[in-house]
Amino acid sequence: MPGEPPAGLTNLTVNVPAGKMMIIRASSLPRMIPDGVRIQCGGGMFAPDMNSDLSTRCGPRYLAGPCVFTYAPEMFPMENCVFDYDVVSANGIQTEAGTNIVVEVPAGKRLRFLDGSYPVTLTVTLTNGASARFRVSSDTTDTATGVTLSPVGFELAGPLTVRVGDPTLLWNSSYLTYFFAADVIQAEGQSIQSPVGSIVTVQKSVDLETWFPAFIVTSESAPKAFYRLNVTR
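Every chain's residues receive numbers from 1 upward, in the order its sequence appears when written. Thresholds applied to this predicted model are a pLDDT of at least 70 for local features of residues and 80 or more for the giving and counting of side-chain atom pairs; totals over whole chains, interfaces and linings are not thresholded and use all residues. The basis for every side-chain value is the complete set of heavy atoms in the structure, and neither hydrogens nor water enter the calculation.

A. Spotlight on the sheet that holds strand β16 (residues 160-164). Ordered in space as β10-β16-β12-β13-β14, the 5 strands form an open sheet in which the pairing is mixed. Each edge of the open sheet is held by one strand with a lone partner, namely β10 (101-105) and β14 (148-149). At least two DSSP bridges between two strands are needed for those strands to be called paired. Each helix is a run of H or I in the DSSP string that is no shorter than four residues. Each strand is a run of E no shorter than two, and both are numbered from the N terminus.

Rendered as structure tokens:
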């Protein structure tokens, strides 16, 4: 129907260009059975195992371009899956995939997660060489040993280095969608003041009940930025 987001079934391929982001709002992917899902980004690829939860039960999934999302079931070729998704404009948001993800967080920036192949294992190393390893999981029932943190509100202040993946595993493919943040957005009169790294999302609706993101941007090149909404016909 006009105005509704696209949906896909078996053999779905979505090419997300640079400056765009794929938002999977809902899907019928079962928990812990992500057979046939592939996320390619740069020279890396994420191929989930049986411990990866790519369902949308905990919220939407976010993939920033340039990347390619594919769904082509291998174990059960006749099993269709429905994806309710959209591709919107985005800036300052990155997705990395593969077995050797390294994120350098510069001084004055804070790393925040928008999405990832949770649970993921992170090794954080400071400039003095001190390091710590822990897991980030969106599942409150995660009973793995060791320190497990929620991605909600989680951030790491630079300068430091973050390595994604468990080095003790032979295959530790992961993906991570992240951005560098500063302070929260402040409204001033009819403008929105957005400090460095904050996310500004413009949403659209045809009934004032169901809202879809139409534009997402992070302000990262200036100490602060102002945004305004201009609608023309």
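B. Spotlight on unusual backbone geometry. Residue Pro-119 is bonded to the preceding Tyr-118 through a cis peptide linkage, with omega at 0 degrees. Of note, Pro-119 is situated in the loop between β11 (110-116) and β12 (120-126). Looking along the chain, the bond that leaves Gly-158 and enters Pro-159 is cis, with omega of 10 degrees. With respect to the secondary-structure elements, Pro-159 resides in the loop between β15 (155-157) and β16.

C. Spotlight on the nonpolar core. Core analysis: the biggest nonpolar cluster contains 20 residues, and Met-22, Phe-69, Tyr-71 and Phe-83 have the highest contact counts within it. When residues of this core are traced back to their parent elements, those giving at least two are β2 (12-16), β3 (20-27), β4 (37-41), β7 (67-71) and β8 (83-89). Working rule for contacts: check all heavy atoms of both residues, and any pair within 4.5 Å makes them a contact. Those residues in contact with Phe-69, other than ones at most four positions away along the chain, are Leu-12, Thr-13, Val-14, Met-22, Ile-24, Val-37, Arg-38, Ile-39, Leu-63 and Phe-83. In terms of nonpolar packing, the next biggest core, distinct from the first, is built from 19 residues, Ile-101, Leu-122, Leu-176 and Tyr-178 among them. To define a nonpolar core, start from buried Ala, Val, Leu, Ile, Met, Phe, Trp, Tyr and Cys residues and group those joined through side-chain atoms within 4.5 Å. In this scheme, a residue with accessible area under 20% of its type's maximum is buried, one over 50% is exposed, and one in between is partly exposed, where area comes from a 1.4 Å probe on protein chains only.

D. Region of the structure containing the pairing of β12. Taking burial as the measure, the 7 residues of β12 include 5 buried ones, the bulk of the element. In the sheet, β12 pairs with strand β13 (residues 131-136) via 6 bridges, with the strands oriented antiparallel. Bridge pairing in β13 places Thr-123 opposite Arg-133. The loop that links β12 with its antiparallel partner β13 comprises 4 residues; one of these, Gly-129, has a positive phi angle of about 95 degrees. Pairing of β12 with β16 involves 5 bridges; the strand directions are antiparallel. Bridge assignment links Val-124 to a residue of β16, and that residue is Val-162.

E. Local environment of the sheet that holds strand β5 (residues 44-46). If you trace the 4 strands from one edge of the open sheet to the other, you get β2-β7-β4-β5, paired in antiparallel fashion. Strand pairing shows two members of the sheet lacking a second neighbour, β2 and β5, which therefore form its edges. The sheet shows a mean angle of 15 degrees between the axes of neighbouring strands, taken without regard to direction. Pairing of β4 with β5, which is carried by 3 bridges, proceeds in the antiparallel orientation. Angular values range over 0 to 180 degrees, each being the angle between N-to-C directions of two axes fitted as lines to C-alpha atoms, with helices fitted over their stretch in contact.

F. Structural view of the packing of aromatic side chains. Pairing of aromatic rings covers Phe, Tyr and Trp, the last through its six-membered ring, and needs centres within 6.5 Å; plane angles under 30 degrees mean stacked, over 60 mean edge-to-face, and all others mean tilted. Evaluation of the coordinates by the stated rule reveals 6 aromatic pairs. A ring pair is formed by Phe-134 and Phe-154, whose centres lie 6.0 Å apart and whose planes are at 65 degrees; its orientation type is edge-to-face. Of this pair, Phe-134 sits in strand β13 while Phe-154 sits in the loop between β14 and β15, and the two are 20 residues apart along the sequence. The two residues Phe-134 and Phe-154 agree in class, both being buried. Clustering of aromatic rings is evident, with ring pairs tying together Phe-69, Tyr-71 and Phe-83.

G. Focus on empty space enclosed by the protein. Using only the protein atoms, space was sampled on a 1 Å grid; points where a 1.4 Å probe fits but cannot get out form cavities, open sets with protein on both sides within 12 Å along at least five of seven lines form pockets, and lining residues are those with an atom within 4 Å of a point. Grid points are joined across faces, edges and corners, and a volume is the space filled by probe spheres set on the points. What the rule picks out here adds up to 2 cavities of 30 Å³ or more. Estimated volume of the largest cavity: approximately 70 Å³. Along the walls of the largest cavity sit Ile-24, Ser-27, Leu-29, Val-37, Ile-39, Leu-54, Arg-61, Leu-63, Phe-69, Phe-83 and Tyr-175, which together make up its complete lining. Among the secondary structure elements, those contributing two or more residues to the lining of the largest cavity are β3, β4 and β6 (61-64). Residues are grouped as follows: nonpolar covers Ala, Val, Leu, Ile, Met, Phe, Trp, Tyr, Cys and Pro; charged covers Asp, Glu, Lys and Arg; every other residue, Gly included, is treated as polar. Grouping the constituent residues of the lining of the largest cavity by class yields 9 nonpolar, 1 polar and 1 charged.

H. The arrangement of the pattern of salt bridges in detail. In the sections that follow, a salt bridge refers to a side-chain nitrogen of Lys or Arg positioned within 4 Å of a carboxyl oxygen of Asp or Glu. Across all of its chains, the model carries 4 salt bridges by this definition. For Arg-112, the salt bridge goes to Glu-155, with nearest N and O atoms at 2.8 Å. A residue pair is termed long-range when its members are at least 10 positions apart, and Arg-112 in strand β11 and Glu-155 in strand β15 qualify at 43 residues. For Glu-155, a relative accessible area of 33% gives the class partly exposed. One salt-bridge network, in which partners are shared between bridges, spans Arg-110, Arg-112 and Glu-155.

Remember, this is a structural readout, not a statement about activity or role.
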